[in-house]
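Residues per chain are reported as follows:
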Amino acid sequence: MAQRVEAAERLLDLVIALTHTRRWMTKQEIRTRVNGYADAASDAAFERMFERDKDLLREMGVPLVVEHDPVHEDDVGYRIDAAGYTLPEVTFTPAEVGVLSLAAELWQDAALRSSARRGVTKLRAVGPAAEPDAHAGLALRVRGPEAAFAPLLEAIDARRVVTFTYRAASTGQVARRTVQPWRLLSRDRGWYLVGHDVDRDAPRAFRLSRIQGRVRATGAPAAFEAPAAVDVGALVERARPRAGTARLALLPGRAAALRARGRKVPGADPAASTGPLADRDLVELPYTDAELLAEELAAYAEAVLVLDPPDLREAVLRRLRAVAALDSALDPGDRAPEEVPRG
């Protein structure tokens, strides 16, 4: 049995066929030549399928033209007006290419970063070179959504229940949660999932940065209906992270980004410090989400020591222990040559 063609693929094939036809295509030609229309079980089914596709093309702004044979008026054909469907040539000045190159450096998320770089590479291949010093010294960064974002979005679209491991903001306890996902929204420089907590039988909001591990969809699609009206503000307020001020000890010349956002502790003299704090600079840094800051601080490793608050320190240590455990779990045969202990 031939594999059924998805509607999106059939629609794309129709656009390609009607764009490249020399004259026009009749309904019969479309049914026999365009991939997907052979799935129609009858003439009536084909008519319904083709009418839906025509309406979709027009809704998307595709200039579908109906042609009539001047001699045989019953002979009706279809084509896409290429002149009305072609974008004008796009050109950029060197300064504009420089701005686009800078914008491509924003994304830290791996998938978004690779897409942005591919786009800029194509622009540079056909356009002028960027001005050499137009944006010297600028380095912009924007966090992409957490890894949980994509599977949650798919579950919302399919109306499937999801399960995930979650660290509560109020207690720090980690527990398995089962949720009917309703919607995703951005608040306080973070993403939140709003949905129905099945185990607690109540609506809840979950900050994506506190979801640990994978999000798994369970059960059948269309398992629930999201309510039309939800007091999102009240739910997010309960899930908002506790803001605070971190007290950090930084190695000299390291962690410039943290120094720029924080302030040096008044009266702190690195030269007078002893023990682990010897010669370190003491900095206070305000934050709105301990988990997000812990993720950033852990990347500095020994360059940053967290002195306060204890929950932030524990969050950093938890990440460093996970990395250490992963490294120790590697079989010596899987390690790089320089990592294998020498006898």
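The preceding data block contains the structure.
Let me begin by describing the structure that accompanies this report. (Residues numbered from 1 in each chain as written. Predicted model: local features only at pLDDT ≥ 70, side-chain atom pairs only at ≥ 80, totals over all residues. Heavy atoms only, no water.)

1. Examining the pairing of strand E6 (residues 190-197)
Of all eight residues in E6, seven are buried; the element is thus mostly enclosed. Note: E6 against strand E7 (residues 202-207), six bridges, orientation antiparallel. Counterpart to Gly195 in the pairing with E7 is Arg204. In this antiparallel pair of consecutive strands, E6 and E7, the connection spans four residues, and Asp201 shows a positive phi of 50°. (Buried < 20%, exposed > 50% of the residue type's maximum accessible area, 1.4 Å probe, protein only. Helix = DSSP H or I, 4+ residues; strand = E, 2+ residues; numbered from the N terminus. Pairing = 2+ DSSP bridges.)

2. A short note on the sheet that holds strand E10 (residues 263-264)
If you trace the four strands from one edge of the open sheet to the other, you get E10-E11-E9-E12, paired in antiparallel fashion. The sheet is open, and its two edges are formed by E10 and strand E12 (304-308), each paired on a single side. Two strands pair when backbone bridges link them, and strand E9 (residues 244-250) and E12 are joined in this way by four bridges, in the antiparallel orientation. Along E12, the bridge assignment pairs Ala249 with Leu305. Where helix H10 (residues 290-298) meets the sheet, its contacts fall on E9, strand E11 (281-287) and E12, and the angle it forms with E11 comes to roughly 140°. (Contact = heavy atoms within 4.5 Å. Axes fitted to C-alpha atoms, helices over the stretch in contact; angles between N-to-C directions.)

3. Some points on the side chain of Ser209
Tracing the backbone shows Ser209 in the loop between E7 and strand E8 (211-218). What makes Ser209 buried here is its relative accessible area of 15%. Beyond its immediate chain neighbours, meaning those up to four positions away, Ser209 contacts Glu146, Asp289, Glu291 and Leu292.

4. A few points about the nonpolar core
Judged by nonpolar contacts, the single largest core of 19 residues is most densely connected at Leu248, Leu250, Leu258, Leu293, Leu297, Val304 and Leu312. Looking at this core, the elements that each hand over two or more residues are E9, E11, H10, E12 and helix H11 (310-329). At five residues, H10 tops the list of elements feeding residues into this core. Apart from residues no more than four positions distant in its own chain, Val304 is found in contact with Leu248, Ala249, Leu250, Ala255, Leu258, Arg280 and Leu297. Listed in part, the 18 residues of the second largest apolar core include Ile30, Val34, Phe50 and Val62. (Core = buried A, V, L, I, M, F, W, Y, C linked by side-chain atoms within 4.5 Å.)

5. Notes on the packing of aromatic side chains
Tallied over the entire structure, the rule returns eight aromatic pairs. Pairing Phe46 with Phe50 gives two aromatic rings, centres 5.9 Å apart and planes at 5°, and the pair type is stacked. Of the two residues, Phe46 and Phe50 both sit in helix H3 (residues 43-59), four residues apart, roughly one turn of that helix. For Phe46, a relative accessible area of 4% gives the class buried. Classification of Phe50 by relative accessible area gives buried; the value is 1%. Each residue in the set Tyr37, Phe46, Phe50 and Tyr78 is aromatic and connected to the rest through ring pairs, giving one cluster. For Arg10, the ring lying beneath its charged end belongs to Tyr37, and the centroid distance is 5.6 Å. If you follow Arg23 out to its NZ or CZ, it ends over the ring of Trp24, 3.7 Å from the centre. (Phe/Tyr/Trp six-rings, centres within 6.5 Å; stacked < 30°, edge-to-face > 60°. Lys NZ or Arg CZ within 6 Å of the ring centre and 35° of its normal.)

6. Quick word on helix H5 (residues 94-104)
Turning to H5, its buried residues are Val97, Gly98, Ser101, Leu102 and Ala104. When H5 is viewed along its axis, its buried side chains cluster within an angular range of 155° and face the same direction. (Arc of directions from axis to C-beta.)

7. Details of the environment of Arg318
Here Arg318 lies in helix H11. Residue Arg318 is classed as partly exposed on the basis of its relative accessible area, which comes to 23%. Along the primary structure Arg318 and Ala294 are separated by 24 residues, whereas in three dimensions their C-alpha atoms are 9.2 Å apart.

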